[in-house]
Amino acid sequence: MDPTTEKNRPDNGIRLFKIFGIQISLDLSWFIIFAIVILGLSAGYFPRKFPDEPAHVYWTAGFLATLLFFGSILVHELAHSVAALLSGIGIHEIRLFLFGGISKISQEAKDPKTEIFIAAVGPATSFAIAFLFWVIRLVVQGVIPPIAVEVLVYLTWINVALGVFNLVPGFPLDGGRILRAAVWLKSGSLTRATRIASDVGKGFALTLMILGGFQFFMGNLVGGLWLFFIGMFLRGIARGGYQELIVRQALEGIQVREIMLRNPVTVSPGLSLKELAEDYFLKFGYHAFPVMEGGAFGGVVSIGQVKDIPVERRETTYVRDIMKTADTAAQARPEDSLADSLKRMTQTGAGLLVIMEHGKMAGILTKTGLLRFIEVKHILEPENPKA
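Okay, so let's go over this structure. Numbers given to residues run from 1 along each chain, matching the order in which its sequence is written. Where local features are concerned, this predicted model is filtered to residues with pLDDT of at least 70; where side-chain atom pairs are given and counted, the filter is 80 or more; whole-chain, interface and lining totals use all residues. Excluded from the side-chain calculation are hydrogens and water; included are all heavy atoms of the structure.

Turning our eyes to something else, we now look at the overall build of the protein. Strands here are runs of E lasting at least two residues and helices are runs of H or I lasting at least four, both read from the DSSP assignment and numbered beginning at the N terminus. Across its full length, the protein carries twelve helices and eleven strands. Referenced to the eigenvectors of the C-alpha coordinate spread, the extents of the protein come out at roughly 85 × 55 × 45 Å. Contacts in the protein between residues far apart in sequence, at least 24 positions, make up 63% of those at least 6 positions apart. The distance from the centre of the 37 positive side-chain charges to the centre of the 33 negative ones in the protein is 4 Å. Contact definition: two residues touch when any of their heavy atoms are within 4.5 Å. Within this scheme the basic residues Lys and Arg register as positive and the acidic residues Asp and Glu register as negative, but His and the chain ends are omitted. Working definition for charges: the position is that of NZ of Lys, CZ of Arg, CG of Asp or CD of Glu.

Rendered as structure tokens:
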């Protein structure tokens, strides 16, 4: 899979170890695909090839092949990551998950040639791994058991397939990033290049979904569903990649102070949740309010916190009982960039950032307000042909 700019979502993975300072993690969904692959190899592929072997041989071969297959995916992602590091781009994490692996990079490539370098090294690595397994097979054939040789054959062709699949010219696959870089190099517009590569990627994803549906109705239930879900996943990332670029460009160079809301509506910690609901949430329509006590910022209370309290208890439960205190509330500074602030909101799940200056609350920034600003800016400002 391609290197992807860092997606801000709750961490539901298992951290394993670090390589070159890069955190290697397993998403919980990875265990699903690991089980599917090992089951398919141990109960299907190897028994068909070698029908007279005992069950433990099939499962040993299946486990080894599955482990080395995912090791190959990890090396593929490490190749992307090392190329990014050599290009001066930070790498936070490599995560293996249901549909393969993702290298979470801190930023996009600064020029088309760097983009091509980072993207192309992944498939090249997969082909190199395939060649390595093929050479090992030639060396050990006749020395090790035939089923062990077949493990090497499987790993050779699965890595060839991985390299070819990633070269499909549709974003977010490596081939899609190479296509984007080529269009970017020719047109000078990253925005236009991303849109074209994203459209091709969505077309490829739709093709996979149609093929998956066709296979499903022809009786290949597992294979059909698998293609369909891969198509859905790729389609979502292809669409999200373009939208992410538009958002990043809209926020580029803009500080929080330029759009933050000064003198926002605040609430007291002694307010009952019944009063809070009726006099503030319903009246103003906001999803969260800063809490002020004695002129000092005390925390934040959100509609989600009120929702968790039964209606019959809201009259005797107060803001101070449920609010996030000042030291746990999401905060930012007036000089922070809007892009970083949106990232912080997404990471923390906060709909509101409290803007602090010299130890006092200077205002707030809401996700609704930030997204509205992006929408209006995108409407009013034409695409920069050199962006």
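We are not done yet, so read on.
Moving on to the nonpolar core. We define a nonpolar core as any set of buried Ala, Val, Leu, Ile, Met, Phe, Trp, Tyr and Cys residues linked to one another through side-chain atoms lying within 4.5 Å. Each residue is placed in one exposure class: buried if its accessible area under a 1.4 Å probe, protein chains only, is under 20% of its type's maximum, exposed if it is over 50%, and partly exposed if it falls in between. Trp-30, Val-37, Phe-46, Phe-69, Phe-70, Ile-147 and Tyr-154 are the most contacted members of the largest nonpolar core, which has 25 residues in total. Leu-338, Met-345, Leu-353 and Leu-365 belong to the second largest nonpolar core, which has 16 residues in total.

A word on the packing of aromatic side chains. Any pair of Phe, Tyr and Trp rings, taking the six-membered ring for Trp, is counted once the centres come within 6.5 Å. Such a pair is stacked with planes under 30 degrees apart, edge-to-face with planes over 60 apart, and tilted for the rest. With the rule as written, the count across this model stands at 16 aromatic pairs. With a centroid separation of 4.7 Å and 35° between ring planes, the pair formed by Trp-30 and Phe-34 is classed as tilted. Taken together, the residues Trp-30 and Phe-34, both in helix α1 (residues 30–49) and four residues apart, mark about one turn of the helix. You'll find Trp-30 and Phe-34 in the same group, each marked buried.

This next bit is on the sheet that holds strand β8 (residues 324–325). One requirement defines pairing of two strands: DSSP has to find at least two bridges between them. Sheet architecture is open: three strands sit in the order β6-β7-β8, paired in antiparallel fashion. Each end of this open sheet is capped by a strand with a single partner; those strands are β6 (288–293) and β8. The pairing of β6 with strand β7 (residues 296–302) spans six bridges and is antiparallel. If you follow Ala-288 over to β7, its bridge partner there is Ser-302. Across the sheet, helix α8 (residues 273–284) touches β6 and β7, and the angle it forms with β6 is around 130°. Helix axes are fitted to C-alpha atoms over the stretch in contact, other axes to C-alpha atoms as well, and angles between N-to-C directions run from 0 to 180 degrees.

Turning to the environment of Ser-272, a few remarks are in order. Assignment of secondary structure puts Ser-272 in the loop between α7 (221–251) and α8. Judged by relative accessible area, Ser-272 falls into the buried class, the value being 5%. When the C-alpha positions of Ser-272 and Arg-314 are compared, they lie 6.7 Å apart, and in sequence the two are 42 residues distant. The residues touching Ser-272, leaving out its near neighbours within four places in the chain, are Arg-314, Glu-315, Thr-317 and Tyr-318.

Phi at Asn-263 takes a positive value of approximately 50°, unusual for a residue other than glycine. Here Asn-263 is to be found in the loop between α7 and α8. On the basis of relative accessible area, Asn-263 is assigned to the exposed category, the value being 77%. Not every positive phi belongs to a glycine, and His-358 is a case in point at roughly 55°. Tracing the backbone through its elements, the reader meets His-358 in the loop between β10 (352–357) and β11 (360–366).

Attention shifts here to the pairing of β10. Within β10, five of the six residues are buried, leaving the element largely enclosed by the surrounding structure. Here strand β9 (residues 331–332) runs beside β10; their pairing, made up of two bridges, is parallel. From the neighbouring strand, Gln-331 faces β10, where its bridge partner is Val-354. Sheet topology note: the β10/β11 ladder contains six bridges and is antiparallel. Residue pairing across strands places Leu-353 opposite Leu-365, the latter belonging to β11. In textbook terms, the turn of a hairpin is the stretch between consecutive antiparallel strands, and for β10 and β11 this stretch comprises two residues, one of which, His-358, has a positive phi near 55°.

Quick look at the pattern of salt bridges now. A carboxyl oxygen of Asp or Glu within 4 Å of a side-chain nitrogen of Lys or Arg is what we treat as a salt bridge. Applying the stated rule across the entire model yields seven salt bridges. Arg-177 is the partner of Glu-115 in a salt bridge, and the nearest nitrogen-oxygen pair spans 3.7 Å. Of this pair, Glu-115 sits in helix α3 (residues 112–140) while Arg-177 sits in helix α5 (residues 174–187), and the two are 62 residues apart along the sequence. Glu-115 sits in the buried class, given a relative accessible area of 4%. For Arg-177, a relative accessible area of 3% puts it in the buried group. The salt bridge involving Glu-335 is made with Arg-257; its shortest N-O contact spans 3.9 Å. Highlighted residues: Glu-335 in the loop between β9 and α11 (338–348) and Arg-257 in the loop between α7 and α8, separated in sequence by 78 residues.

The strand order across the open sheet formed by three strands is β9-β10-β11, and the pairing between neighbours is mixed. Looking at which strands have only one partner, the edges of the open sheet turn out to be β9 and β11.

This paragraph deals with the environment of Ile-19. Among the structural elements, Ile-19 can be located in strand β2 (residues 13–19). With 75 residues separating them along the chain, Ile-19 and Ile-94 place their C-alpha atoms 9.6 Å apart. Contacts of Ile-19, omitting those with residues within four sequence positions, involve Ile-24 and Leu-78.

Geometry only, nothing functional implied.
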